Amino acid sequence: MGYITTKDGTEIFYKDWGTGQPIVFHHGWPLSADDWDSQMLFFLHKGYRVIAHDRRGHGRSTQTAHGNDMDTYADDVAALADVLDLRDAVHIGHSTGGGEVARYLGRHGTDRAAKAVLIGAVPPIMVKTEQNPGGLPLEVFDGFRAALFANRAQFFLDVPAGPFYGYNRPGAEPSQGVIQNWWRQGMMGGTKAHYDCIKAFSETDFTEDLKKIDIPVLVMHGDDDQIVPIGDSAPLSAELLPKGTLKVYEGLPHGLCTTHPDLVNADLLAFIKS
């Protein structure tokens, strides 16, 4: 574990365990590298080098008031890859982290990367526009901002207790540990960065980034994702990617890496080895 310092003075926390081919994990909003615990341990035991960082403003990284946008997130990843001398890396991003992966590869190229995976990811673009009529109305994200502003602590309980893990579905069996761990990770970060990041993950258009990514990319998505609805995300991303493959999980929620780690980990391993 350690920190890198970016050119604007931001300290980015990261974990770096093991040896072998590097796998870099990019977390979702408003979480931290800890959201990848199941995947980090799994791939470490399979002989891979596993790296996960806390995005600026999140987790143990600097609680920034500036730079909370996809271009800067991507530049932070490039700085991390340079400091750690990552080569032949597999980049795996969940939700907002999937957008970070797309922007990093689109902005900085694929010379250091071998493959990528987008899981429940926000690309191509979440918000509804004239060019993206199937997106979510801006009012949805205004609601996120209002809830964050009014009572972040309660909002960060409501999201995991409800739609994030599908615990609001009939017959679901909520895990209080999972809910509290989501809350713990969220409350570690800075509220200004979290507020700004809502715009970053919802309004950034990744279309051109996806078109540039010339390495194999696996796009994984649950068809009961209530946070990033599948209809306007995964299938469109897979079509834009030159070497994209779509894998849809029937009935699984947005937080499928936590609710179904055995299934997700096995599929990730098969893709990385293929």
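Parameters and conventions
Residues numbered from 1 in each chain as written. Predicted model: local features only at pLDDT ≥ 70, side-chain atom pairs only at ≥ 80, totals over all residues. Heavy atoms only, no water. Helix = DSSP H or I, 4+ residues; strand = E, 2+ residues; numbered from the N terminus. Areas by Shrake-Rupley, 256 points an atom, 1.4 Å probe, with all protein chains shown as cover. Lys, Arg positive; Asp, Glu negative; His and termini not counted. Charge placed at Lys NZ, Arg CZ, Asp CG, Glu CD. 1 Å grid on protein atoms, 1.4 Å probe; cavity = no way out; pocket = protein on both sides within 12 Å on 5 of 7 lines; lining within 4 Å. Points joined across faces, edges and corners; volume = space filled by probe spheres on them. Nonpolar A, V, L, I, M, F, W, Y, C, P; charged D, E, K, R; others polar. Phe/Tyr/Trp six-rings, centres within 6.5 Å; stacked < 30°, edge-to-face > 60°. Buried < 20%, exposed > 50% of the residue type's maximum accessible area, 1.4 Å probe, protein only. Lys NZ or Arg CZ within 6 Å of the ring centre and 35° of its normal. Core = buried A, V, L, I, M, F, W, Y, C linked by side-chain atoms within 4.5 Å. Contact = heavy atoms within 4.5 Å. Pairing = 2+ DSSP bridges. Axes fitted to C-alpha atoms, helices over the stretch in contact; angles between N-to-C directions. Salt bridge = Lys/Arg side-chain N within 4 Å of Asp/Glu carboxyl O. Parallel < 35°, antiparallel > 145°, perpendicular 65-115°, else oblique. Left-handed = near helix turned anticlockwise from the far one by under 90°. Polar contact = N/O pair within 3.5 Å; in protein donor to acceptor, adjacent residues only side chain to side chain.

**Details of the overall build of the protein chain**
The helix and strand tally for the protein chain stands at 10 helices and 8 strands. Along the longest, intermediate and shortest principal axes, the C-alpha atoms of the protein chain span 40 × 40 × 40 Å. Working note: accessible area of the protein chain is about 11,000 Å², and carbon and sulfur atoms make up 52% of it. Positive and negative charge centroids in the protein chain, built from 24 and 35 side chains respectively, lie 4 Å apart.

**Focus on the layout of surface pockets**
Each pocket or cavity is described by its volume, and for the largest pocket that value is around 220 Å³. The element best represented in the lining of the largest pocket is helix α4 (residues 138–161), accounting for 4 residues. When grouped by side-chain class, the residues that make up the lining of the largest pocket number 14 nonpolar, 4 polar and no charged.

**Quick look at the packing of aromatic side chains**
Applying the stated rule across the entire model yields 16 aromatic pairs. Here phenylalanine 43 and tyrosine 48 contribute two aromatic rings whose centre-to-centre distance is 5.8 Å and whose plane-to-plane angle is 80°, an arrangement assigned as edge-to-face. Taken individually, phenylalanine 43 and tyrosine 48 each receive the classification buried, so the pair is uniform in this respect. Arranged with centres 5.4 Å apart and planes meeting at 70°, the rings of phenylalanine 164 and tryptophan 182 form a pair that is edge-to-face. Pair noted here: phenylalanine 164 is in the loop between α4 and α5 (176–188) and tryptophan 182 is in helix α5, with a separation of 18 residues, a long-range link. When its relative accessible area of 4% is taken as the criterion, phenylalanine 164 is described as buried. Three or more aromatic residues link up through ring pairs in this structure, and these residues are Trp29, Phe141, Phe144, Phe155, Phe156, Phe164, Tyr165, Tyr167, Trp182 and Phe201. Lying across the ring of tyrosine 73, arginine 55 places its NZ or CZ 5.5 Å from the centre. Taking the ring centre of phenylalanine 271 as reference, the NZ or CZ of lysine 115 above it sits at 5.0 Å.

**Some words on the nonpolar core**
Membership of the largest hydrophobic core comes to 55 residues, with the highest contact counts inside it found for Trp29, Tyr104, Leu105, Trp182, Phe201, Ile213 and Val217. Counting residues per element, this core draws most heavily on helix α2 (residues 70–83), which supplies 7 residues. Beyond its immediate sequence surroundings of up to four residues, leucine 105 is in contact with Thr110, Ala113, Ala116, Ile213 and Ile215. Of all hydrophobic cores here, the second largest spans 24 residues; its members include Ile23, Val90, Ile119 and Leu268.

**Comments concerning the sheet that holds strand β3 (residues 22–26)**
Read across the open sheet, the 8 strands follow the order β1-β2-β4-β3-β5-β6-β7-β8; overall the sheet is mixed. Of all strands in the sheet, those bounded by a partner on one side alone are β1 (2–5) and β8 (244–249). Recorded for the sheet is a direction-independent mean angle of 20° between the axes of neighbouring strands. Alignment of strand β6 (residues 113–119) against strand β7 (residues 217–222), held across 4 bridges, turns out to be parallel.

**Quick word on the pattern of salt bridges**
This structure, assessed with the given rule, holds 21 salt bridges. Between aspartate 82 and arginine 112 there is a salt bridge, with the nearest N and O atoms lying 3.4 Å from each other. Pair noted here: aspartate 82 is in helix α2 and arginine 112 is in the loop between α3 (96–108) and β6, with a separation of 30 residues, a long-range link. Owing to a relative accessible area of 21%, arginine 112 belongs among the partly exposed residues under this scheme. A single salt-bridge network, built from bridges that share partners, covers Lys15, Asp34, Asp37, Asp54, Arg60 and Arg184.

**Some thoughts on the packing of α4 against helix α6 (residues 191–203)**
It is the contact of α4 with α6, at a shortest axis distance of 10 Å, that shows an interaxial angle of 155°. Taken together, the axes of α4 and α6 are roughly antiparallel relative to one another. Regarding α4 and α6, the two cross each other, and that crossing is right-handed. Along the contact surface, α4 presents Leu138, Phe141, Phe144, Arg145, Leu148, Arg152 and Phe156, while α6 presents Thr191, His194, Tyr195, Ile198, Lys199, Phe201, Ser202 and Glu203.

**Looking at the environment of aspartate 223**
Tracing the backbone through its elements, the reader meets aspartate 223 in the loop between β7 and α8 (234–240). For aspartate 223 and tyrosine 3, which are 220 residues apart along the polypeptide, the C-alpha to C-alpha distance reads 37 Å. Excluding residues that lie within four positions of it along the chain, aspartate 223 makes contacts with Ile230, Val248, Tyr249, Glu250, Gly251 and Leu252. Of note is the side chain of aspartate 223, whose polar atom sits 2.5 Å from the backbone nitrogen of glycine 251.

**Brief notes about the side chain of threonine 10**
With respect to the helices, strands and loops of the structure, threonine 10 is situated in the loop between β1 and β2 (11–17). Among the polar contacts listed, one links the side chain of threonine 10 to the side chain of arginine 56, at a separation of 3.2 Å. Setting aside chain neighbours within four positions, we find threonine 10 in contact with Ile4, Thr5, Arg56, Thr62, Thr64 and His66.

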